[in-house]
Each structure stands twice: as C-alpha cells, then as structure tokens.
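Structural features, examined
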Amino acid sequence: MPTACWNLLSQTALGALMPSSLSKDASKVSTSSRCGISKCQTRLIIGSFRAAGFPSPKSRVKHERVQPTSAISDILTNDNSTMSTADVETENIGLFGMDSALESYKDHFRYRIMRYVEQKKLIETYEGSLEEFAQGYLKFGFNREKGYILYQEWAPAAQEAEVIGDFNGWDGSNHRMEKNQFGVWSIKIPDCNGNPAIPHKSRVKFRFKHGNGDWIDRIPAWIKYATVDPGKFAAPYDGVYWDPPPSERYQFKYPRPPNPKSTRIYEAHVGMSSSEPRINSYQEFADDVLPRIQANGYNTVQLMAVMEHSYYASFGYHVTNFFAASSRSGTPEDLKYLIDKAHSLGLRVLMDVVHSHTSNNITDGLNGFDVGQSSQDSYFHTGERGYHKLWDSRLFNYANWEVLRFLLSNLRWWIEEFNFDGFRFDGVTSMLYHHHGINTTFTGNYNEYFSEATDVDAVVYMMLANHLIHKILPDATVVAEDVSGMPGLCRPVSDGGIGFDYRLAMAIPDKWIDYLKNKKDEDWSMKEITCSLTNRRYTEKCIAYAESHDQAIVGDKTVAFFLMDKEMYSNMSCLTEAPPEVERGIALHKMIHFITMALGGEGYLNFMGNEFGHPEWIDFPREGNGWSYEKCRRQWDLVDTDHLRYKFMNAFDKAMNLLDEEFSFLASSKQIVSSINEEDKVIVFERGDLVFVFNFHPENMYDGYKVGCDLPGKYRVALDSDAWEFGGHGRVGHDVDHFTTPEGVPGVPETNFNNRPNSFKVLSPPRTALVYYMVEETLEENNHNKSTTFSEAGTATLVEDEENIEKLASADKSGSFSESSTTGRLENEEREFASSENRGVVSSEAEGPN
C-alpha cells in the first residue's frame with residue numbers, strides 16, 4: 001500500500017474505535033413523579049462497470065470454497081478468540097488462495113482486518129458481545145419496563161432536553177431529561193394508575209435546547225412508528241409511541257422457509273402494487289399479490305420502501321425513520337402479517353435496507369439531530385464528507401460508536417421483530433469509496449478498489465453487519481447493490497471478505513437497454529452479450545436481472561415497452577393477428593429475460609409486473625404530474641385478461657422458474673459456453689446438465705444445428721420459448737429424441753466438437769430459446785411418455801391449482817416432470833468449471849456447428 005494511503009487510513013484508526021457514549025451500566029436515569037394526560041434527485045452512479053476477473057483461471061477446476069487458515073478464520077469470526085491483531089500480520093488471508101493478485105494489496109487487507117478485529121473486540125469489551133450491542137432498541141427510544149416507560153436518546157450536542165407529546169399536552173416542563181457523560185439523555189416516566197403514562201398510538205417528540213439557546217423538536221431517532229396527517233398538504237411526520245396490548249400484537253404462526261438452493265427474487269413495492277391509482281396496504285399485498293408471486297415460481301420477495309420515508313417519490317431511499325415501517329401501507333402489525341403470509345406460502349422475504357445515506361429532512365428525519373456539532377458527536381460526517389451531492393442526502397460516520405450501535409441494531413430489529421430473512425443493501429458502491437462512485441469509471445484495475453479512495457470505516461461496518469446477520473440468522477440472504485465489482489465483496493468475513501452472499505449484476509440491464517436503444521437486431525453481438533452476462537468473479541455469487549425498478553422509473557422504459565412501444569396500446573389482443581413489432585417484442589422479451597437468468601448469475605431478480613411485460617413507466621405522484629397515481633400502480637388486469645398476449649410472457653416467466661426448481665441449474669457450478677456464433681447469431685452453453693440454445697437471428701431457422709454437450713445419451717426439449725402456450729409458433733417437436741454422437745478422442749478436448757466430447761442436432765427457429773435435458777434410459781422405460789414439462793404442459797402445470805397439479809403428476813401421460821426426471825443430473829458439483837482468461841466463467845468460444 002502506498003505510504004500516503006496508509007497514513008490517510010491511519011488517521012481514523014484506533015482513536016475512532018473507542019466508545020463515545022453508553023456502556024452497559026453507565027446511564028443515569030431521572031424519574032418524573034408527575035403524569036400528564038425535499039425533493040429527491042435521481043440516484044445515479046456515473047460511470048461504467050467492468051468486474052475484475054482472476055488472472056489464472058486455468059489453475060482452478062473446482063468450484064468450492066477455499067478454506068482459510070484456522071488462525072485467521074478464528075480471529076475474524078470467533079467471538080471468544082484470544083488471538084490479537086498482531087496475528088493478522090503473519091497469517092494467510094483466505095482471499096489470497098483464490099486470487100493471488102490480491103496479495104499485492106496485503107497491507108490494505110491486513111489493515112482493514114485489524115480495524116475490524118479491534119472494533120469487534122472493543123464492542124465485546126464494553127458491551128458484552130456484538131449481538132448484545134445490536135440490541136440498542138432495548139435501551140434507546142421508548143421501552144416499557146415494570147412500572148414505567150424508559151426513554152433514552154443520544155444527543156450530545158443538546159444543552160437541555162425533555163420529552164413532549166399528547167400525554168403531557170406538549171409541555172415538557174415536568175418531563176425533563178438527564179444527560180450522562182456519553183451524551184445520552186434519559187428519563188423514567190412512571191405509570192399512572194397502573195397504566196402506561198404514554199398511551200399506545202399517541203404522538204411524542206424529543207425537545208432539546210440548541211447551543212444558541214433555541215429549543216427545537218425532533219422525532220425520536222429510535223421511534224418505531226411515524227405517521228402524517230393525510231388532510232394536510234406536505235405536513236411533517238409525527239413520532240408515535242407504539243406499544244399495542246398483547247391482544248393486538250401479531251403472533252407469527254409460520255416458520256421461516258429454508259434457504260433455497262438458488263435465490264429467485266421478486267422485487268416488489270407494496271405501495272404501488274394495487275391495480276387502482278392509490279397506495280396499496282400490507283394486508284392487500286399479502287392477500288392479493290403474494291399468491292401471484294408464489295404461482296410464478298419465485299422463492300423470495302424483496303420489499304422496497306419498508307423503512308419510513310417522508311417523500312413517497314424517493315422510492316423509499318430517503319429514509320427518515322429507520323426503525324419504523326412505512327405507515328402509508330399500514331401498521332407494524334400489518335407488515336408482520338404480510339411476512340407471515342409469505343412464509344406460509346414458502347416465500348422468504350428480504351428488506352431493501354438503506355444504510356448508505358439518509359434523508360436530509362430536519363423536522364422528521366435523523367438529520368434534525370445535527371445542529372452543527374463535531375462529527376464525533378453526530379450521526380454524520382461534517383462538511384462535504386457528510387453530504388452526498390447527487391442524492392441530496394446525509395452520509396453516516398461509520399467510525400462512530402453510536403452510529404454503529406444504531407445501524408447494527410437496526411438490522412437485528414428487522415430480523416427479530418418482523419422475521420425478515422435478509423437484506424438487499426442499497427448504495428453499497430457509495431459506501432465503499434470516498435468518491436461514492438461519482439464520475440468514476442471502474443475498469444477492473446485492482447488499484448481502483450484498494451487505495452486511499454476506499455472508505456475503510458464503511459468496509460469495517462459492512463463486515464460487522466454481515467457477521468452479525470449470519471450469526472443471529474445463519475440462513476440469511478444478504479445482497480449488495482454494487483456497481484464497482486470490488487473483489488472479496490461476496491466472500492465470507494472469515495476469508496477476509498466483506499461477507500455479502502450476492503452482488504447485483506448491475507451491468508447486465510445497462511447492456512440490454514443500450515442494445516434496445518442503439519442497435520439493430522442484426523448488429524447484436526453474441527460475444528458482447530455473453531461477455532456481459534458472464535463477467536463476474538469466480539466464487540462470488542451474483543443476482544442477475546434484465547430490468548429492475550431502476551429501468552422503469554419516469555424518463556425510461558421497461559424492456560417490453562422498448563420492444564413494442566405504442567403497439568402495446570392497441571395490438572396485444574389474441575383475437576387479431578400480431579403485427580411484426582409485437583411478434584418480435586414478445587419473442588425477445590422472453591429471450592432477454594431467460595438468457596439473463598440462465599447465464600448471468602447464481603440467482604435471478606424480476607421487478608413486479610415485468611414478468612408479463614408491464615407497459616409504460618413508473619411515475620410517483622408529484623407536482624409535475626398533478627399528484628397523480630395513474631402510473632404508480634400495477635395493471636394486473638392485463639395479465640388476467642385471457643385474450644391479451646401479456647399472458648404468454650407471464651407463462652414463460654413461470655416456466656423459467658419451474659425449470660430451475662426442477663433442475664437447480666442456477667445452483668450448479670458447471671457453466672460452459674461452447675459456441676458463440678456471430679454469423680448465425682446463436683449462443684450454446686451448458687448449465688448443470690441442461691443444454692441451452694439461443695438463436696437471436698431475426699430470420700434464420702437452422703435444421704440439424706449441431707450442438708456440443710458433456711454427457712452421452714438421449715436428450716429432449718425441457719423448455720421451448722416458441723411453444724404455442726408462450727405465444728410462439730410451435731415449430732419444435734417436443735416428443736423428438738435427440739441421440740448424441742461421440743466427438744473426437746475421449747479426454748482430448750482439442751479433438752472434440754467445440755471442446756465438448758459429444759454432440760446432437762436440433763431444430764433452431766429464429767428468436768427462440770431451447771433447453772434440452774438428458775433422459776435416463778431406465779426412467780424412460782418406467783415412464784415412457786414423460787416428455788416435456790415446461791413447454792407442452794407447462795402452462796397447465798403452472799396455472800392449475802394444487803389439486804389439479806397432483807392429478808397431472810399422477811397421470812400416465814402427464815406432460816409434467818416427476819421428481820425422478822432429475823436423477824440424470826450430475827450429482828458432483830465439482831465437475832469441470834471452464835473459464836476464460838478475463839471472465840473466469842466462460843470456456844472457449846468456438847465457431848459454431850460444422
């Protein structure tokens with residue numbers, strides 16, 4: 001590490017780690033003896049993305065976790081470890097075993113590991129453990145104790161403080177608070193006649209005296225519910241004391257679903273999920289939308305805009321109250337009902353958590369506690385470092401003891417109080433670097449990731465956060481929204497990584513939008529598409545997606561709307577012949593989403609409505625559109641209307657998910673691209689034991705097209721985007737057996753066909769995706785008419801209710817796969833994992849069929 005970098009990082013090292021406020025038993029509490037009756041800017045990272053590959057992929061033939069040395073793993077993850085930070089200097093770091101090029105940055109890694117270990121040890125010394133430290137919500141804010149309510153608030157800049165609200169007529173003279181040496185204000189408010197002095201659902205605020213002598217009112221930082229008067233335009237939010245009686249508390253009934261083999265995420269926004277132009281409720285979403293998500297084969301729901309945000313059009317990213325569920329859609333108990341209902345349907349629930357920044361609102365946001373004090377006494381950095389100029393928001397000081405308590409407790413609160421199964425961390429790129437990714441191009445050069453530009457304070461926070469999440473919920477799923485591709489981001493903390501489970505593959509939707517906007521179909525590059533989809537780091541998992549909410553906001557379009565545009569208003573009826581624009585649009589919509597899923601990552605994400613090609617864009621109510629909700633809803637009637645073509649895209653989306661459910665191809669490490677043919681516009685690859693053939697040519701149909709494969713045997717169609725039930729032309733026979741032919745000398749790849757030891761021939765129509773599975777001969781004899789599920793009987797299998805599905809499965813001539821159909825898959829996940837020099841996942845790019 002350069003000397004300048006080391007010196008800069010050292011300035012915030014051990015001194016910033018010491019506690020600046022409350023220790024376990026240090027607070028003083030006063031007792032009152034008397035009872036009383038902005039505008040959001042577009043969140044944008046300027047720059048381009050190219051994730052860094054590994055320098056020597058030829059040396060890696062197994063996709064397995066490289067185990068760190070026991071000593072370094074112990075010091076990073078064992079809460080009872082007796083090792084010191086000095087041991088970090090002499091122990092190997094697990095990341096280096098997977099990427100030797102990282103060893104050039106060993107000083108950076110050792111420094112940040114030292115910071116992490118020291119911070120964790122200090123927390124354990126002063127707070128008992130990281131898990132106890134992350135239960136700040138039991139100490140701060142309002143907590144019901146035996147005979148009184150305890151209220152505590154960290155506000156070291158305040159000169160005097162009191163609590164006010166409906167309960168005391170907004171007069172805090174009899175509810176003055178006391179401050180301890182750590183800047184924590186406290187008060188005990190005794191019960192009145194055996195009842196809490198502050199009634200459930202009553203409004204409360206923290207009033208404190210500024211250094212200039214002025215008194216100001218703020219919503220308590222740890223408030224668990226906040227509401228706004230709907231009858232007042234632009235009214236500020238009020239903090240609400242939330243402590244329902246036992247009879248009104250929601251009791252969870254269903255266990256969390258187990259962690260799936262692969263994560264298939266349905267990204268959803270509760271407020272805009274209604275078909276009517278209004279804000280939808282948690283209960284309506286649970287009852288009306290969750291069944292749709294389950295029916296389409298997703299196993300995970302990612303909820304946006306859960307944390308309270310006063311500006312609806314911020315999409316939930318300008319958070320004002322971190323511990324409060326957004327009151328627009330209901331109460332905290334309503335949200336619990338939603339999550340429990342999801343669990344009953346076998347759906348895991350992730351929350352979009354925003355710890356990268358916060359709203360700059362003063363009256364109803366955390367920013368109101370900043371009255372010009374030093375960074376050490378504030379949630380935020382001072383000056384330019386504490387302000388995000390593109391997002392118009394405040395930036396946290398991750399080295400501050402109380403900021404760590406606040407954010408880590410926030411994560412535990414949502415997991416334990418609401419039963420969330422994990423998180424999608426927003427704005428991780430902004431957290432990782434002091435420049436926040438603004439006007440920055442990431443080329444894959446490691447100097448871009450490990451230099452004085454790296455915000456080590458934030459890195460240490462995320463390491464602590466991921467360690468904590470997986471300690472209290474081992475099966476948690478944690479996804480990072482990062483555009484930079486930082487190496488080690490999605491490796492365990494025990495390896496020296498930051499600890500996320502997945503990274504969003506954010507370059508993929510950008511590539512598709514670029515193609516749809518700027519390239520004719522005949523100019524699409526198969527190599528460029530493949531490179532974009534496979535450009536990810538070996539052993540660091542990605543969530544692939546063709547489009548999310550970002551691609552649908554006002555000023556942009558969904559993929560379907562780019563493809564079909566105005567034709568979606570008048571030519572989506574099955575009762576009339578589809579014009580060429582609609583034929584092309586539906587075909588490419590299916591192919592774009594499917595190849596993204598199949599080749600782009602180890603998980604998949606779809607935004608609400610895009611599974612059926614939702615038209616137009618998203619536009620939240622604002623002054624510019626007359627405060628209209630017209631384009632802030634989901635038109636479910638489009639897919640529910642049987643004579644409209646939206647049903648075809650929806651049916652194919654179901655079939656994609658069911659294919660992975662049956663064959664677990666997303667979870668397989670075997671991913672081999674055997675052919676990228678620019679002239680034919682065909683891409684052939686294997687994922688698990690499935691063979692995928694994508695023909696992007698707008699006109700050419702190839703009969704007898706030769707494709708390579710690994711295992712010899714008989715293959716049949718598993719999924720066909722050209723099937724009738726998906727709006728296609730039914731040109732491919734699904735009862736045809738495709739027998740393989742051996743190619744070249746066994747064990748000598750250069751003599752094989754496209755480096756594959758076997759091959760078979762297929763019919764490949766234009767703008768069609770085909771998937772083939774190998775049929776086991778023994779299974780063929782026992783179930784001779786099993787044939788193809790996902791094409792011939794896919795719609796019935798997916799749409800019918802459970803009873804009908806069971807009948808189909810038991811029928812002699814069912815079109816559905818039985819469990820036994822998967823036994824032909826490879827059991828050994830450590831088979832060949834081919835990789836290119838630059839990307840780490842793609843094998844040789846052959847010229848195509850002979």
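Quick caveat, the model's predicted, so the values are computed rather than measured.

Here's the deal with the nonpolar core
With 211 residues, the main nonpolar core has Phe285, Leu303, Tyr379, Trp414, Phe425, Tyr461 and Phe594 as its most contacted residues. Ignoring sequence-local partners within four residues, the contact set of Trp414 consists of Val306, Met307, Phe322, Phe323, Ala324, Ala325, Leu335, Met351, Asn419, Phe420 and Phe423. Residues Val691, Tyr702, Tyr705 and Tyr772 belong to the second largest nonpolar core, which totals 17 residues.

Some thoughts on the environment of Val775
Following the sequence through the fold, Val775 ends up in strand 31 (residues 768-775). The buried category is assigned to Val775, whose relative accessible area is 5%. For the pair formed by Val775 and Tyr715, sequence separation is 60 residues and the distance between their alpha carbons is 5.7 Å.

What about the packing of helix 8 (residues 401-418) against helix 10 (residues 456-472)?
Two elements in contact, helix 8 and helix 10, have axes whose closest approach is 10 Å; the angle formed by their N-to-C orientations is 30 degrees. Here helix 10 runs roughly parallel to helix 8, going by the angle between their axes. In the crossing of helix 8 with helix 10, the sense of the turn from one axis to the other is right-handed. Of the residues in helix 10, those in contact with Leu404, Leu407, Leu408, Leu411, Arg412, Ile415 and Glu416 of helix 8 are Tyr461, Leu464, Ala465, Leu468, Ile469 and Ile472. Here the contact of helix 8 with helix 10 is built from residues that sort into 11 nonpolar, no polar and two charged.

With respect to the pairing of strand 14 (residues 348-353)
Burial analysis of strand 14 places six of its six residues in the buried class, which makes it a mostly covered element. Side chains Arg348, Leu350 and Asp352 of strand 14 all project onto a buried face; the interleaved residues Val349, Met351 and Val353 project onto the opposite face, where all are buried too. Pairing between strand 11 (residues 300-304) and strand 14: four bridges, direction parallel. Looking across to strand 14, one finds that Val301 is bridged to Val349. Where strand 14 meets strand 18 (residues 422-425), four bridges bridge the pair, whose relative direction is parallel. Residue pairing in the sheet places Met351 in a bridge with Phe423 of strand 18.

Considering the pairing of strand 27 (residues 714-720)
Buried residues dominate strand 27, accounting for seven of its seven residues. Sheet topology places strand 27 next to strand 28 (residues 738-739); two bridges connect them, and they run antiparallel. Opposite Tyr715, over in strand 28, you have His738 as the bridge partner. Note that strand 27 and strand 31 share six bridges and pair antiparallel. Considered in strand 31, the bridge of Lys714 is made with Val775.

Quick notes on the rules
Residues numbered from 1 in each chain as written. Predicted model: local features only at pLDDT ≥ 70, side-chain atom pairs only at ≥ 80, totals over all residues. Heavy atoms only, no water. Core = buried A, V, L, I, M, F, W, Y, C linked by side-chain atoms within 4.5 Å. Buried < 20%, exposed > 50% of the residue type's maximum accessible area, 1.4 Å probe, protein only. Contact = heavy atoms within 4.5 Å. Helix = DSSP H or I, 4+ residues; strand = E, 2+ residues; numbered from the N terminus. Axes fitted to C-alpha atoms, helices over the stretch in contact; angles between N-to-C directions. Parallel < 35°, antiparallel > 145°, perpendicular 65-115°, else oblique. Left-handed = near helix turned anticlockwise from the far one by under 90°. Nonpolar A, V, L, I, M, F, W, Y, C, P; charged D, E, K, R; others polar. Pairing = 2+ DSSP bridges.

Function cannot be read off these values alone, since they describe shape.
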